[in-house]
Amino acid sequence: QVQLVESGGGLVQAGGSLRLSCAASGSILSINAMGWYRQAPGKQRELVARITSGRNTNYGEFVKGRFTISVSNAKNTVYLQMNSLKAEDTAVYYCAALGVVSLATRQDYWGQGTQVTVSS
């Protein structure tokens with residue numbers, strides 16, 4: 001069983017910063033990629049940022065250099081540094097561990113979500 005524990009969400013004023021963290025634990029042999037997705041009310045879930053075990057990254061178009069994703073492979077932990085936050089960044093942010101290989105399976109796992117609210 002693999003669990004993802006997220007932290008770092010909250011309320012921030014526009015222009016401010018937040019740092020999200022997500023730690024994966026359990027019977028993990030390897031993780032292909034980790035990332036963050038978000039879902040605002042009435043909208044579809046969308047990619048925020050994703051990083052592979054080889055540290056290749058890709059970002060949602062709306063990020064425009066404001067966010068940085070990083071990973072500690074040794075700790076199975078992914079971070080998302082979010083700067084210059086805007087009101088439209090308000091959403092529930094979900095951590096994802098993709099292509100997780102454990103003793104008998106290879107599958108994706110999702111965190112429970114953490115609320116990010118940006119006040120204008």
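Residues numbered from 1 in each chain as written. Predicted model: local features only at pLDDT ≥ 70, side-chain atom pairs only at ≥ 80, totals over all residues. Heavy atoms only, no water.

Caption draft 1: Main features of the packing of aromatic side chains. If you walk through the whole model with that rule in mind, you get one aromatic pair. It is Arg 38 that lies over the ring of Phe 62; its NZ or CZ is 3.7 Å from the centre. (Phe/Tyr/Trp six-rings, centres within 6.5 Å; stacked < 30°, edge-to-face > 60°. Lys NZ or Arg CZ within 6 Å of the ring centre and 35° of its normal.)

Caption draft 2: Local environment of the pairing of strand 5 (residues 46–52). Where strand 4 (residues 30–39) lies against strand 5, six bridges are found, and the strand directions are antiparallel. Bridging across to strand 5, Met 34 finds its partner in Ile 51. As judged from the three bridges shared by strand 5 and strand 6 (residues 57–59), these two strands associate in the antiparallel manner. Across the sheet, the residue bridging to Ala 49 is Tyr 59, located in strand 6. Between strand 5 and the antiparallel strand that follows it, strand 6, lie four residues; Arg 55 among them carries a positive phi value of about 70°. (Pairing = 2+ DSSP bridges. Helix = DSSP H or I, 4+ residues; strand = E, 2+ residues; numbered from the N terminus.)

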